[in-house]
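Here is how the chains run, residue by residue.
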Protein chains: 2
Amino acid sequence: MDAGDGLRMAAERPNSRATMKDVARVAGVGVGTVSRVVNGKSNVSEESVAAVNAAIERLGFRRNDGARMLRTGATASIGLLVEDVADPFFSLLNRSVEEEVLRRDSVLLTASSDKDPERARKMILTFCARRVDGLVITLPEGGDEEYLRAELDAGTSMVFVDRPPRVLDVDAVIVDNRGGARTGVAHLIGYGHRRIACFTDRPDLYTASERISGYRDALEEAGIPFDPELVYSSATTREPVDEPLGRMLASDDPPTAVFAGNNRTSINVISALRIHKTSLAIVGFDDFELADVVVPGITVVAQDPKAMGRIAMGMLYKRLDGNVSPSQTIRLPTRLIVRGSGELSRDAVLAAR
Amino acid sequence: MDAGDGLRMAAERPNSRATMKDVARVAGVGVGTVSRVVNGKSNVSEESVAAVNAAIERLGFRRNDGARMLRTGATASIGLLVEDVADPFFSLLNRSVEEEVLRRDSVLLTASSDKDPERARKMILTFCARRVDGLVITLPEGGDEEYLRAELDAGTSMVFVDRPPRVLDVDAVIVDNRGGARTGVAHLIGYGHRRIACFTDRPDLYTASERISGYRDALEEAGIPFDPELVYSSATTREPVDEPLGRMLASDDPPTAVFAGNNRTSINVISALRIHKTSLAIVGFDDFELADVVVPGITVVAQDPKAMGRIAMGMLYKRLDGNVSPSQTIRLPTRLIVRGSGELSRDAVLAAR
DNA sequence: TTGAAAGCGCTAACAC
DNA sequence: GTGTTAGCGCTTTCAA
């Protein structure tokens, strides 16, 4: 068979890529040699390299990585499952995970659970069926995590992000939600506030419940009694809070400050305050774009999703590289960013009433 | 060989998944039968199904989709390349593409070009090597798109998003940047403004240049002369604009309104106005969270990234399903969202000076 | 340095 | 119905 024959063969199968066999035929060498050239092995003669490269160029050959992986066993791919890739927090996490994946010349499979345990399960098992080398996952509340054990046993490395595992023995990197909330609320207390409202997500969410705990920690430390009337948990983060805030404002002993448990809620609180034409001191959990554009700027307890992704990938790759030390959970510190809204003193708020 | 033997075999290879061969051995059937059961074919006896399922359960078997795809040819995967998965626009696009991919039981590979043509090229070729069924791409400016032709010829379907192809004959879905900008600027003109500043991205970016054209279109229609002194293009979207805005404000004939060419720039303009303690009418291109929380709310020309993703995937899957009609470019309309900042009349602005 | 050949895990065609 | 087998495209011995 000569070169022309090989070329014809590839052309005969439209929409079908040239294979190493095709390249070998066109170059007049064996497939082993083609493989060596493609993988840059040194033990190939100059002429063979030239012939093979010419054939590759001519046929538009591109190695089929799927076939390669079937043979070698490693897929050079990582699966990432978060709540929602469009959420600012997770999209930043996504990006930083991507950077680490890129550094290892792998690819990243991504999916959003949409807080649905069943959807999460389906996506994770799909990733496992694709034999990803490792998994970075934020598991939604309410699901069973037991099904992951089989995958773990089968040798799929995984690291949990944003939420700790409940029963599994896996690495995790989470944010110090409780400590961060405590710091934020203590900051408000430092400005004289004693009636501090707390708006959060559904308390069955891990992060929300931790932040509420931190809120209570700060009150307790300051000797301020906890008043359930001042706590409101939205069913969804999109829900406006002007109604519950109005109720608190109309009470005998209204709040002079509010702690918002997440960035969406911070925005809802700002809108609600606007509606009620009132101003209160505000500290929000999680930073957001424009937090410094509204007046006053919003003081926040900031998380660092990029660091979370970077650290999670570091842990994951260590496992992939053979580390078998006991699993650990890394708790990332938060950072208080002072912008004005959290430094409105109790006296100033009362004077404006 | 009996069942026990098969189990031992799988156990003998730790970190290595059980294969259909293992399952077949344990279940005491042939691999063909296992394959039929796994794929839910009907022509299998009750007993075989039960035996196979028991073995699958026992071994923790999960089909290797990589091997399956090598055999069947379809990878059930889509590659998405955008500028930055953490950008609000692209993260929304990402999410809507994901939804469509999920509906087809495929997986999504994602990557960010970071506006680097070389990185884009690398990622795209990686996706092609993985034999993705289709590609959704936002190609960065300044790169050659010629290398995609080989992939196109090899049968990889692709659709461009947010930017049209320059030389390739491929489907695309883009936003009516020019028309949207024209509408936004005409809106300002309708409120009496004749001196309208224009702040944008680097004009060598497709979207920025289109929006500047739309800005000029609107001026021309109203018979307002174009004044280059009123146009400022930032080198980066993070660059503050208080300096150039200050220059315009200090001129003989200062602007009474500004058109901001993208959401980050809108924010920069708001900050700059704050610094100069001035208020001008503002219309921004692209909506953003909190646009309705600042006072006044920011009137914007909104895009619909979710629709873009949905439509792009619709086009892509039509191609994958065999559609060979001529390639087309769909131009998505924009929507003007009125919130207050764009309805500040020229008279009101001048009166406040 | 090189070609031939086995085999990764799966599907599908074929024979029984 | 079911077992056997060829082969998807690749890597990797093994001889030569």
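Going along each chain's sequence as written, the residues are numbered from 1 onward. A letter from A marks each chain and a number from 1 marks each ligand, given out in the order of writing. With the structure being a predicted model, the display of local features is reserved for residues of pLDDT at least 70 and the display and counting of side-chain atom pairs for 80 or more, all residues being used for whole-chain, interface and lining totals. Side-chain metrics rest on all non-hydrogen atoms present in the structure, leaving aside hydrogens and water.

Regarding the protein's contact with DNA strand D
Here, proximity means that at least one heavy atom of the residue falls within 4 Å of the molecule or strand. As a structural note, the neighbourhood of DNA strand D is formed by 26 residues, with Met20(A), Thr33(B), Arg36(B), Ser45(B) and Arg71(B) the closest of them. Taken together, the sugar and phosphate atoms account for 58% of what DNA strand D places within 4 Å of the protein. Separating a phosphate oxygen of DNA strand D from a backbone N or O atom of Asn64(A) is a distance of 2.9 Å. Per the convention used, a helix needs a DSSP run of H or I reaching at least four residues, while a strand needs a run of E reaching at least two, with both numbered from the N terminus. Put simply, the parts of the chain that give the surface near DNA strand D at least two residues each are α3 (31-38) and α5 (65-72) of chain A together with α3 (31-38) and α5 (65-72) of chain B. Residues were grouped as follows: Ala, Val, Leu, Ile, Met, Phe, Trp, Tyr, Cys and Pro as nonpolar; Asp, Glu, Lys and Arg as charged; and all remaining residues, including Gly, as polar. Partitioning the surface near DNA strand D into residue classes produces seven nonpolar, 13 polar and six charged. Within 3.5 Å is the distance limit for a polar contact, defined as a pair of N or O atoms, with the added protein rule that one can donate a hydrogen and the other accept it, and that residues adjacent in sequence qualify only through two side-chain atoms.

Notes on the sheet that holds strand β9 (residues 281-285) of chain B
Residues and elements named next belong to chain B. Two strands pair under a simple rule: DSSP has to find at least two bridges between them. The strand order β7-β6-β8-β9-β10-β12 describes an open sheet built from six strands, whose pairing is mixed. Here the strands that pair on one side only, and so sit at the sheet edges, are β7 (231-233) and β12 (335-337). Sheet twist, expressed as the average angle between the axes of neighbouring strands with direction ignored, equals 15°. Here β9 pairs with strand β10 (residues 299-302) via three bridges, running parallel. Its bridge partner being in β10, Val-283 is matched across the sheet by Thr-299. Any pair of residues with heavy atoms lying within 4.5 Å of one another is described as a contacting pair. The angle between two axes is taken between their N-to-C directions and runs from 0 to 180 degrees, where each axis is a line fitted to C-alpha atoms and a helix contributes only its stretch in contact. Relative to the sheet, helix α12 (residues 263-275) contacts β6 (196-200), β8 (257-260) and β9, its axis offset from that of β9 by approximately 160°.

A short note on the domain arrangement of chain A
Size of an interface: often given as the accessible area lost when the parts come together. All names here are of chain A. Taken domain by domain, chain A comprises domain 1 (3-63), domain 2 (76-175 + 305-333) and domain 3 (177-303 + 336-351). Start and end points for every domain follow an automatic or database-based domain assignment. Here the C-alpha centroids of domain 2 and domain 3 sit 31 Å apart. With ten residues of domain 2 in contact, the opposing surface of domain 3 contributes eight residues. Two parts lose some accessible area (1.4 Å probe) when they are put together, and adding that loss for both gives the buried area. Of all residues in domain 2, Lys-115, Glu-141 and Val-175 give up the largest surface area on contact with domain 3, accounting jointly for 48% of the area buried on that side. The salt bridge criterion pairs a side-chain nitrogen of Lys or Arg with a carboxyl oxygen of Asp or Glu, the two atoms within 4 Å. The interface formed by domain 2 and domain 3 holds zero salt bridges in total. At the surface where domain 2 touches domain 3, the tally comes to two residue pairs in polar contact (both at pLDDT 80 or more).

Some points on the interface of chain B and chain A
Listed by partner, the interface residues are 59 residues for chain B and 59 residues for chain A. Taken over both partners, the interface formed by chain B and chain A buries close to 5000 Å², and the fraction arising from carbon and sulfur atoms is 50%. Of all residues in chain B, Arg17(B), Arg130(B) and Arg131(B) give up the largest surface area on contact with chain A, accounting jointly for 14% of the area buried on that side. Linking chain B to chain A there are 20 salt bridges. Close ionic contact of Arg130(A) with Asp65(B) constitutes a salt bridge, the shortest N to O distance being 4.0 Å.

Thoughts on the packing of aromatic side chains
All names here are of chain B. Whether two aromatic rings pair depends on their centres lying within 6.5 Å, for rings of Phe, Tyr and Trp, where Trp uses its six-membered ring; planes under 30 degrees apart make the pair stacked, over 60 edge-to-face, and the rest tilted. For the coordinates displayed, the defined rule picks out six aromatic pairs over all chains. Judged by centre distance (5.2 Å) and plane angle (85°), the ring pair of Phe-89 and Phe-90 falls under edge-to-face. We note that Phe-89, like Phe-90, is buried. Only protein chains enter the calculation, and the probe is 1.4 Å; a residue is then buried if its accessible area is under 20% of its type maximum, exposed if over 50%, and partly exposed in between.

With respect to the protein's contact with DNA strand C
Residues in close proximity to DNA strand C total 25 residues, the closest being Thr33(A), Ser45(A), Ser48(A), Met20(B) and Arg71(B). Here Ser48(A) contributes a side-chain N or O atom positioned 2.5 Å from a phosphate oxygen of DNA strand C. Backbone polar atom of Met20(B) to a phosphate oxygen of DNA strand C: 2.6 Å apart, as the coordinates give it. At the level of elements, α3 and α5 of chain A together with α3 and α5 of chain B are the ones that each hand at least two residues to the surface near DNA strand C. Split by residue class, the surface near DNA strand C holds seven nonpolar, twelve polar and six charged.

Focus: the environment of Leu148(A)
Residue and element names in this part refer to chain A. Within the fold, Leu-148 resides in helix α8 (residues 148-153). Relative accessible area serves as the criterion here: at 0%, Leu-148 is assigned to the buried category. It is 8.6 Å that separates the C-alpha atoms of Leu-148 and Leu-125, two residues lying 23 residues apart in sequence. With residues up to four places along the chain from it excluded, the contact list for Leu-148 reads Ile-124, Ile-137, Leu-139, Met-158, Phe-160 and Leu-168.

Quick word on the relation of the copies chain B and chain A
Superposition of the copies used a least-squares fit over C-alpha atoms from residues whose pLDDT is at least 70 in both. Superposition of chain B onto chain A requires a rotation of 180° combined with a translation of 0.1 Å along the rotation axis, giving an RMSD of 0.1 Å. Classification of the inter-copy transformation places it as that of a two-fold axis. In terms of proximity to the rotation axis, the leading residue of chain B is Leu109(B), whose C-alpha is 2.2 Å off the axis. By residue overlap, the copies meet face to face through one surface: 100% of the interface positions of chain B are interface positions in chain A.

Side note on the pattern of salt bridges
Within this structure, the stated rule accounts for 56 salt bridges over all chains. Close ionic contact of Glu141(A) with Arg163(A) constitutes a salt bridge, the shortest N to O distance being 3.1 Å. Taken together, the residues span a long stretch of sequence, with Glu141(A) in the loop between β3 (134-137) and α8 and Arg163(A) in the loop between β4 (157-161) and β5 (171-175) at a distance of 22 residues. Relative accessible area serves as the criterion here: at 5%, Arg163(A) is assigned to the buried category. For the salt bridge of Arg264(A) with Glu289(B), the shortest nitrogen-to-oxygen distance reads 2.3 Å. Note that Arg264(A) is positioned in helix α12 (residues 263-275) and Glu289(B) in the loop between β9 and β10, a pairing that runs across two chains.

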